[in-house]
Amino acid sequence: MHKNGLTTEILHSDRKQSVEHGAVHKPMHPSSQYIYEDARELAAVFQGKAGYTYSRQGTPTTGALEAKITLMEDGVGSVSFASGMAAITAVLTTLLKRGDHLVSSKYVFGNTSSLLGTLADLGIEISFVDATDIDQVRAALRPNTRMVFAETIANPGTQIADLKGMGELCREHGVVYMVDNTMTSPSLFRPREVGASLVMNSLSKYIAGHGHALGGSITDTGLYDWSDYPNIAEPYRKGQPTGWGLLQIKKKGLRDMGGTLAAEPAHRIAIGAETLALRMERHCSNALALARFLQAHRGVAKVHYPGLAGHAQHARATELFGGRYGGLMGIELAEGIDCFDFMNRLRIVLLATHLGDTRSLALPAAHTIYYEMGPERRRQMGIVDSFIRLSVGIEDQADLIHDFDQALQASMPR
Ligand SMILES: *Cc1c(COP(=O)(O)O)cnc(C)c1O
C-alpha cells in the first residue's frame, strides 16, 4: 500500500483531522477553559475520554501539533511542552524514582547534563558513559536501571551513539530507551527504527526552524510494554498498556508540573514544520560543503562533522541517517587565531546560541554553554577553548563559504 511521505502528511494533517470553517490550518484556540453542555460529558473527559478541560493539559491547537509530531515520528501518541527542557524534565521526573538508575550518554546537551545533576541530588542514580561504544553502555547496566538516554548527533561534539546497539540492549533488558532526536529531526531519522521507546524533540530547533517559538515534545513509539514498568501509578494503568507511559507523563508531567505549550507558539511551530524536510536538505548540503571547505583551510585545526570521512562514526551516521549528516558542526581554530576576533569578523553568520535556525549561527562553546561546568569536565568532553559550534543555516552556499573565508583570512597570524 502507498504510504505518504513526511511533508505530504504534515501539510494535510489538520485538514484530515477535522475542518473548522474550511480552514486548512487548525485555528488557534487560546481559551483556558472548555465548557460542556452536559455535566456527564464533563466528568467523562476528566475520567479519560478525549477532550479538553483546562488548557494546562492542552488545547485543540497543541492537540493538532501533537498529531503532526506523532505522524512525523511514526509513534502512537505525543505530548507537547513549553520547551524541550520541560519535555525532558517531565519524562525523567515522572518515570524515575529515588533509587532508580539512568544510563546517559556523556555527550549530551549542556542543560540536559545539568538537569541530570539535579536528579542525582534528588536520589536518582546517573551513570554517564561513552555511548559511541555499546560495551560501555552494557557495562553500566545495573539491576535498578530503568532508562537509557542518548542524543542522535551529540551537541556540539557530533559524536554518534551506537543507537541501534542501545535499542537492542534495552529490549533485551526491558529498559526504557529515550532518544533526543532534536539534532536530526524526524526528517533525517526516526528513533523508532532503532527501538526507541520514547522520542524527545526540541520543537524550538529544526521542527519550527524560524527561531520564533519554543516548544518540546515526547512521542511514545508504542514499542515499550508499560505493563512491565514498575513506576506507573495505579490510575494510569488503564486501557492498552502502550498508552500508560504517555498518560503518566501527561498527567504528572504536564498537568501537575505545568510546563504547557501555549496555543500561539504551538501554531507557529506547526507552520514551521510544514517546510522541515525542505530546510533539512539545505542545512545538510550547506553543512557538508562548508565542512569540506573548512577542513581544507589552514586557519582551521579540526572540523567535527559526521559527513566527513575522517569522523569517528562516519559509517554509522551514513547508515542511520541515509547519507545526510545534519546542520551542526564544531570547529577548532588553528594555533594563533583568537576565536573571539575571528567570530567578530563574521558578517552573515550570527553570533548567537540556539541552533536549527534558518540563519547560520556561531557560538564559542567553551566560553558559553560549557562555561559553567569548568575546565576539567570540558576537557573530558573534548571542548577546547577555540571550539566554535556552528549551526549551518539555509543561506546561499557560496555566501556562507565566502563569509568564513574572509573572516579566517583576516584572522590569520601574520
Ligand atoms: C536545544 C536542545 C534541547 C532543549 O530544547 P529547548 O527547546 O531549548 O528547551 C534539548 N536537547 C538538544 C539536543 C537541544 O539542542
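Residues numbered from 1 in each chain as written. Predicted model: local features only at pLDDT ≥ 70, side-chain atom pairs only at ≥ 80, totals over all residues. Heavy atoms only, no water.

## Details of helix 1 (residues 6-17)
- Here helix 1 is 12 residues long and its end C-alpha atoms lie 16 Å apart, about the 16 Å a rise of 1.5 Å per residue gives.
- Among all positions in helix 1, only Leu6, Ile10, Ser13 and Asp14 are buried. Looking straight down helix 1, one finds its buried side chains confined to an arc of 80°; they lie on one side.
- Of the surrounding elements, those touching the buried residues of helix 1 are helix 3 (60-73), helix 8 (185-188), helix 11 (263-273) and helix 12 (276-295). (Helix = DSSP H or I, 4+ residues; strand = E, 2+ residues; numbered from the N terminus. Expected span 1.5 Å × (residues − 1). Buried < 20%, exposed > 50% of the residue type's maximum accessible area, 1.4 Å probe, protein only. Arc of directions from axis to C-beta. Contact = heavy atoms within 4.5 Å.)

## Details of the pairing of strand 9 (residues 328-333)
- By the criterion of burial, strand 9 is predominantly enclosed, with 6 of the 6 residues buried.
- Because side chains alternate across strand 9, one face comprises the buried residues Leu328, Gly330 and Glu332, and the other comprises Met329, Ile331 and Leu333, equally buried.
- Sheet topology note: the strand 8 (residues 300-304)/strand 9 ladder contains 4 bridges and is antiparallel. Bridge pairing links His304 to Gly330 in strand 9.
- Pairing geometry for strand 9 and strand 12 (residues 387-391), over 5 bridges, is antiparallel. (Pairing = 2+ DSSP bridges.)

## As for the site of the ligand
- Taken together, 13 residues surround the ligand, and among them Gly84, Asp180, Ser202, Ser204 and Lys205 come closest.
- Against a free-state accessible area of 380 Å², the protein chains account for coverage of 92% of the ligand.
- Counting only elements with at least two residues in the shell around the ligand, the list comes to helix 4 (84-95) and helix 9 (203-207).
- Looking at side-chain class alone, the shell around the ligand contains 3 nonpolar, 7 polar and 3 charged residues. (Near = heavy atom within 4 Å. Areas by Shrake-Rupley, 256 points an atom, 1.4 Å probe, with all protein chains shown as cover. Nonpolar A, V, L, I, M, F, W, Y, C, P; charged D, E, K, R; others polar.)

## Structural notes on the packing of helix 12 against helix 16 (residues 397-411)
- The geometry of helix 12 relative to helix 16 is characterised by a closest axis approach of 10 Å and an angle of 30° between their N-to-C directions. By the angle between their directions, the pair helix 12 and helix 16 is classed as roughly parallel. Considering how the two elements wind past one another, helix 12 and helix 16 form a crossing that is right-handed. Every residue of helix 16 that contacts helix 12 at Ser285, Asn286, Ala289, Leu290, Phe293 and Leu294 is listed here: Gln397, Leu400, Ile401, Phe404, Asp405 and Leu408.
- For the contact of helix 12 with helix 16, a count of residues per class yields 8 nonpolar, 3 polar and 1 charged. (Axes fitted to C-alpha atoms, helices over the stretch in contact; angles between N-to-C directions. Parallel < 35°, antiparallel > 145°, perpendicular 65-115°, else oblique. Left-handed = near helix turned anticlockwise from the far one by under 90°.)

## Notes on the side chain of Thr70
- Counting through the fold element by element, Thr70 comes out in helix 3.
- Beyond its immediate sequence surroundings of up to four residues, Thr70 is in contact with Gly75, Val76, Gly77, Ser78 and Thr219.

## A word on the environment of Leu188
- Within the element layout of this structure, Leu188 appears in helix 8.
- Judged by relative accessible area, which is 5%, Leu188 ranks as buried.
- Separated by 145 residues in the primary sequence, Leu188 and Ala43 have C-alpha atoms spaced 42 Å apart.
- Setting aside chain neighbours within four positions, we find Leu188 in contact with Met280, Cys284, Leu320, Phe321, Arg324 and Gly326.

## Some words on the packing of helix 4 against helix 5 (residues 110-121)
- Contact geometry for helix 4 and helix 5: axes closest at 11 Å, N-to-C directions at 30°. Our classification of the angle between helix 4 and helix 5 gives roughly parallel. Relative to helix 5, helix 4 is oriented so that their crossing is right-handed. Judged by residue contacts, Met85, Ile88, Thr89, Leu92 and Thr93 of helix 4 engage Asn111, Thr112, Leu115, Leu116 and Leu119 from helix 5.

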